[in-house]
Amino acid sequence: MGDETNTPWVYDRMTKWWVDLSQGTAGLEPGEAAGRYVCRTCRENLILRGAKPGAVNRPHFSHRRNADCSAAPAVREQLELDDRIVIEFQQRITRAWPGAHCVLEFPGGLDDGGAEGPSGVLPPAVVVRGGPDGRDVSVVERPRRPVDTGEVQERIRTVRARYGAGARHVWFWTTDAAAAGRLADLQVAPQGRGGPLVDHMTIAPTAQQLAVIAAGGGVYFLDGAKVLVPYGVHDFTHQPRPGEDWNFTGGRRNWRHDWRISRPVPAPDASRWGLAPTSFDELTRTRGVFTLTAARDLMRALQRVQTGRWNTRRRAAAALYQDRHQPPLPTRPDPANVPFPEPPALLQDAGQAAPASAPTRAEHHAAPEAPTPTINAAPPPPRTAPASTTTTMQPGPAGTQTADHAGPAVDHSPAPPAPADPPVRPAWIPPPPAYPPTVHLPGHQTQQTPPGSDGRG
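Residues numbered from 1 in each chain as written. Predicted model: local features only at pLDDT ≥ 70, side-chain atom pairs only at ≥ 80, totals over all residues. Heavy atoms only, no water.

1. Section: the pattern of salt bridges
Okay, step 1: Counted under the stated rule, the structure contains 14 salt bridges.
Okay, step 2: For Arg-36, the salt bridge identified is with Glu-29, shortest N-O distance 3.4 Å.
Okay, step 3: Arg-36 sits in the buried class, given a relative accessible area of 6%.
Okay, step 4: On the basis of relative accessible area, Glu-29 is assigned to the partly exposed category, the value being 40%.
Okay, step 5: Note that Glu-244 and Arg-314 form a salt bridge whose closest N and O atoms lie 2.7 Å from each other. (Salt bridge = Lys/Arg side-chain N within 4 Å of Asp/Glu carboxyl O. Buried < 20%, exposed > 50% of the residue type's maximum accessible area, 1.4 Å probe, protein only.)

2. Re unusual backbone geometry
Okay, step 1: At the junction of Arg-263 and Pro-264, the peptide bond is cis and its omega measures out at -10° in the coordinates.
Okay, step 2: Mapped onto the secondary structure, Pro-264 falls in the loop between β15 (257-262) and β16 (272-279).
Okay, step 3: One non-glycine residue with positive phi stands out, namely Ala-33, at about 55°.
Okay, step 4: One non-glycine residue, Ala-34, adopts positive backbone phi at about 55°.
Okay, step 5: Locating Ala-34 in the fold gives a position in the loop between β2 (17-19) and β3 (37-39). (Helix = DSSP H or I, 4+ residues; strand = E, 2+ residues; numbered from the N terminus.)

3. Section: the pairing of β16
Okay, step 1: Counting buried positions along β16 gives six out of eight residues, so the element sits mostly inside the fold.
Okay, step 2: Bridge count between strand β12 (residues 202-203) and β16: two bridges; the pairing is antiparallel. Bridging from a neighbouring strand, Ile-203 pairs with Trp-273 of β16.
Okay, step 3: The pairing of strand β14 (residues 226-237) with β16 spans eight bridges and is classified as antiparallel. Counterpart to Lys-226 in the pairing with β16 is Ser-279. (Pairing = 2+ DSSP bridges.)

4. Considerations on the packing of helix α2 (residues 149-163) against helix α4 (residues 207-214)
Okay, step 1: Between α2 and α4, whose axes approach to 9 Å, the crossing angle comes to 20°. Classified by the angle between their axes, α2 and α4 sit roughly parallel to one another. Considering the relative orientation of α2 and α4, their crossing is right-handed. On α4, the residues touching Thr-149, Val-152, Gln-153 and Ile-156 of α2 are Ala-207, Gln-208, Ala-211 and Val-212.
Okay, step 2: Its residues assigned to classes, the contact of α2 with α4 shows five nonpolar, three polar and no charged. (Axes fitted to C-alpha atoms, helices over the stretch in contact; angles between N-to-C directions. Parallel < 35°, antiparallel > 145°, perpendicular 65-115°, else oblique. Left-handed = near helix turned anticlockwise from the far one by under 90°. Contact = heavy atoms within 4.5 Å. Nonpolar A, V, L, I, M, F, W, Y, C, P; charged D, E, K, R; others polar.)

5. Overview of helix α1 (residues 73-96)
Okay, step 1: End to end, α1 covers 35 Å across 24 residues, agreeing with the expected 34 Å (1.5 Å per residue, within 8%).
Okay, step 2: Along α1, the residues that are buried comprise Leu-79, Asp-82, Asp-83, Val-86, Ile-87, Phe-89, Gln-90 and Ile-93. (Expected span 1.5 Å × (residues − 1).)

6. A short note on the environment of Pro-264
Okay, step 1: On the basis of relative accessible area, Pro-264 is assigned to the partly exposed category, the value being 34%.
Okay, step 2: C-alpha of Pro-264 to C-alpha of Arg-296: the two residues are 32 residues apart in sequence and 6.3 Å apart in space.
Okay, step 3: When near neighbours in sequence (up to four residues on either side) are disregarded, Pro-264 contacts Pro-230, Arg-296 and Met-299.

7. Points about the packing of aromatic side chains
Okay, step 1: Applying the stated criterion to the full structure yields seven aromatic pairs.
Okay, step 2: Aromatic pair Trp-246 and Phe-248: ring centres 5.8 Å apart, planes at 85°, arrangement edge-to-face. Residues Trp-246 and Phe-248 agree in their burial class; the two are buried.
Okay, step 3: Above the plane of the ring of Trp-255 lies Arg-252, whose end atom (NZ or CZ) is 5.4 Å from the centre. (Phe/Tyr/Trp six-rings, centres within 6.5 Å; stacked < 30°, edge-to-face > 60°. Lys NZ or Arg CZ within 6 Å of the ring centre and 35° of its normal.)

8. Quick notes on the pairing of strand β13 (residues 218-223)
Okay, step 1: Counting buried positions along β13 gives five out of six residues, so the element sits mostly inside the fold.
Okay, step 2: Where strand β9 (residues 168-174) lies against β13, five bridges are found, and the strand directions are parallel. Paired with Trp-171 across the strands is Val-219, a residue of β13.
Okay, step 3: Bridge analysis of β13 against β14 gives three bridges, and the strand direction is antiparallel. Directly across from Phe-221, in β14, lies its bridge partner Leu-228.

Below, the structure is given as structure tokens:
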């Protein structure tokens, strides 16, 4: 690391900040400055060159006698990548919060050794000071690689010791850390029932992330311009209450398996973590403070929706129980298909036929037809012959003849019995004919009266 291109990661022991020469050399002492500057990788002292007025070369750091860094190339490459991500994140925060005091620091100091020494994995933290007196402190961690749980706990202790218990300790993990523990996506409807469904990634948190949450810190995942904010997902199964049946079918088969949310920080007993997306600009809307307004509004909406979801499913379970365990209600018959009731049978009086059954609905509504007169097949009773006087000459006494005036001729033969009349519908009774026809009975002769005769001899 003999030139400035190989010494970008310089730590200032006096200020405990990382030196960024792109911001100028104001406040920096040229030369070795009594061991003020140290190399990030090999922890050897560095020399600031080109910082004096009139210098030909531009400002840069170099090792003594222009020697190369003694750290192994693989170690140097890993640490430079870790630090580069933090520096880029610092610049991003600076652009989001113009005028905010944003620097890179090792909370415990580089010389304290341990997890924050050259062999440590954690890079320097981005410390943002805001507020009217600069007491509003946010310490932002940006680890690029998996971190041991012991390193996380040690960093938490040093942050509290240096910046106080009121400092916000925020960890931004890479999306690779989320993808490593990725579980099934969770479908949520932030706008309520009938709104569009959105897929949220769910993950199994690591022991390191749980340690941050237990210490009161914040865990986020940075995916480009999008920040994923975790909330707790507690999976459970609805237990049937009296009068509920949860054995749904079709698309409601899984309604018994449900979940609840814990927010804004996942509870320690959460089954998994759901990730609510928000933008980095929204995250840094208030200068110097991570507000998480959009993400927390989304979490509150999910909590409101879950209450409605539970009520809807329980009402459906109660309705399913009623359908399966209660007798069905009687159905009302269709009036158009109900026939008229048959009239009761009447006893026949002597010489009177029982009335016929009532007409059906079709016969009742049929157009009436013109009555057709009919003649009974049985002949009517015989009519009495017209009174005609027959004079028979009988020998009388003394040779005289006397006229025997006989009465009207009457047929004394018995009349044939009349057959029983067929039943007649009460709806229509044909009237008798005005002039009943005369029927001549066999063997009965009616005496013809000669024209002009009155019947007397």
